[in-house]
Amino acid sequence: MFDQSSTLYPVSETSLTFKTDDGAELVGRFYRPDTDPVAAVVLNSATGVFQTFYTHFARWLAAERGIACLTYDYRDVGRSWSGPLRASTADMSDWGIRDQVAARRAMSRAMPNAPLWIVGHSLGAMLLPNQPETETIERVIGVASGMVHYSDHPWPYRALAMNFWFTIGPLATAICGYLPGKRLGFGEDLPSDVFWQWRKWCTARGFNAGDIGPRLPAPNWGSDAKVRLHAFTDDDLIPSHCVDRLAENYAGKAEVVLIDPKKHGLDSVGHLSAFSRRNRALWPLFLDG
């Protein structure tokens, strides 16, 4: 249970279901403070990370900052699961363009008078510059989001990545018809086309440039939003220079902030754990830093 006894605002939590422009049904969770919200946040998840991972951060936003928040799962995974993963045709472009845009539209309908903010974890801020309607966004908070080639990883993590992209990942996906992430120790199970497109991007020097066209619009950042992209000194998956690379897609309007966890009293953050309760010392920094 969530203890609200020491919070500033009582929080209501409700399920919110919405559809994408191609008919996929997504299931989210809407966290609303019992006050006019300071802002309305859409929280875009990282690849292979379900919305439940962000529950405590979403509650903190609503209860202690008076900010409404929508978490959700991309099509065919988590609470948006719609059938066997082997039957899914979803890819990274679907998640990073159609699903994220649909979530933004859903939040704008729910909170039409609140400033629209995006909190994007990894994939969650990676494709924002490629999306339509970005002029409605007033603030972007990217966390561990960048454009990476496997050669960007430091050793020995690079060996793990190369094994994932060139050996165990393709083999397991081909055999199972989906990426069995849980059994491989690489997070959640994912649709096969998500894996194959993810692999294509992370093994190409131009990252996703090869998919620019019908599947992926070109970057065209037209928003005046305040954009801050946070990198971590101990993130072997997305080193800071990969975050710098992504910042270029924000038309020179993104500030990159490099965070050393130890300077904030934390042992480690890495790529995934910035939203863990044990690292909540970072949360005010994301909003106020």
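The structure we're discussing is the one just above.
Residues numbered from 1 in each chain as written. Predicted model: local features only at pLDDT ≥ 70, side-chain atom pairs only at ≥ 80, totals over all residues. Heavy atoms only, no water.

Draft legend 1. Molecular detail of the overall build of the protein chain. For the protein chain, the count of helices and strands is 8 helices and 10 strands. Rg of the C-alpha trace for the protein chain: 18 Å, near the compact-globule value of 19 Å for 289 residues, within the 12% margin. Projecting the C-alpha coordinates of the protein chain onto the three principal axes gives extents of approximately 50 × 45 × 40 Å. The proportion of buried residues among the 289 residues of the protein chain is 54%. Restricting to contacts in the protein chain with at least 6 residues of sequence separation, those with at least 24 account for 69%. Taken as a whole, the protein chain presents about 12,400 Å² of accessible surface, with 51% of it coming from carbon and sulfur. (Helix = DSSP H or I, 4+ residues; strand = E, 2+ residues; numbered from the N terminus. Rg over C-alpha atoms; globule rule 2.2 N^0.38 Å. Buried < 20%, exposed > 50% of the residue type's maximum accessible area, 1.4 Å probe, protein only. Contact = heavy atoms within 4.5 Å. Areas by Shrake-Rupley, 256 points an atom, 1.4 Å probe, with all protein chains shown as cover.)

Draft legend 2. Highlighting the pairing of strand 4 (residues 68-72). Among the 5 residues that make up strand 4, 5 are buried, leaving the element largely enclosed by the rest of the structure. Residues of strand 4 alternate between two faces, with Ala68, Leu70 and Tyr72 on one and Cys69 and Thr71 on the opposite face, all of them buried. Of the pairings in the sheet, the one linking strand 2 (residues 25-33) to strand 4 comprises 4 bridges and is antiparallel in character. Paired with Arg29 across the two strands is Thr71, which belongs to strand 4. Sheet topology places strand 3 (residues 40-44) next to strand 4; 4 bridges connect them, and they run parallel. Directly across from Val42, in strand 4, lies its bridge partner Leu70. After leaving strand 3, the chain enters helix 1 (residues 55-65) and then returns to the sheet as strand 4, a path that is right-handed. (Pairing = 2+ DSSP bridges. Right-handed = clockwise from strand over helix to strand, strands pointing away.)

Draft legend 3. Representation of the side chain of Asp91 within the structure. Along the chain, Asp91 turns up in the loop between strand 4 and helix 2 (92-110). A distance of 3.1 Å separates a polar side-chain atom of Asp91 from the backbone nitrogen of Ser93. Sequence-distant contacts of Asp91, that is, excluding residues within four places in its chain, are made with Asp193, Val194, Gln197 and Arg215. (Polar contact = N/O pair within 3.5 Å; in protein donor to acceptor, adjacent residues only side chain to side chain.)

Draft legend 4. Up close: the sheet that holds strand 9 (residues 226-232). Taken together, 8 strands build an open sheet; the order of strands is 1-2-4-3-5-6-9-10 and the sheet is mixed. Whereas interior strands pair on both sides, the edge strands pair on one side only; in this sheet they are strand 1 (11-19) and strand 10 (254-259). Neighbour-to-neighbour, the strand axes of this sheet turn through a mean angle of 20°, independent of strand direction. In this sheet, strand 6 (residues 137-143) lies alongside strand 5 (residues 116-121) in parallel orientation, the contact comprising 6 bridges. Bridging from a neighbouring strand, Val119 pairs with Ile141 of strand 6. Running over the sheet, helix 1 touches strand 1, strand 2, strand 3, strand 4 and strand 5 and is turned about 40° from strand 2. (Axes fitted to C-alpha atoms, helices over the stretch in contact; angles between N-to-C directions.)

Draft legend 5. Molecular detail of the packing of helix 4 (residues 157-176) against helix 6 (residues 192-202). The geometry of helix 4 relative to helix 6 is characterised by a closest axis approach of 11 Å and an angle of 165° between their N-to-C directions. As judged from the angle between their axes, helix 4 and helix 6 are roughly antiparallel. The handedness of the crossing between helix 4 and helix 6 is left-handed. Residues Phe164, Trp165, Phe166, Gly169, Pro170, Thr173 and Ala174 of helix 4 form the contact with helix 6, whose own contacting residues are Ser192, Phe195, Trp196, Trp198, Arg199 and Cys202. (Parallel < 35°, antiparallel > 145°, perpendicular 65-115°, else oblique. Left-handed = near helix turned anticlockwise from the far one by under 90°.)

Draft legend 6. Spotlight on the nonpolar core. Within the largest apolar cluster, 57 residues are counted, with the highest numbers of intra-cluster contacts made by Phe18, Trp95, Met107, Leu128, Ile137, Trp221 and Tyr250. No other element matches the 7 residues that helix 2 contributes to this core. (Core = buried A, V, L, I, M, F, W, Y, C linked by side-chain atoms within 4.5 Å.)

Draft legend 7. Local environment of the packing of helix 2 against helix 6. At a minimum axis distance of 7 Å, the contact between helix 2 and helix 6 shows a crossing angle of 90°. With respect to each other, helix 2 and helix 6 are oriented roughly perpendicular. Here helix 2 contributes Met92, Ser93 and Trp95 to the contact with helix 6, which in turn contributes Val194, Gln197, Trp198 and Trp201.

Note that every value here comes from positions in space, so none of it alone points to a role or purpose.
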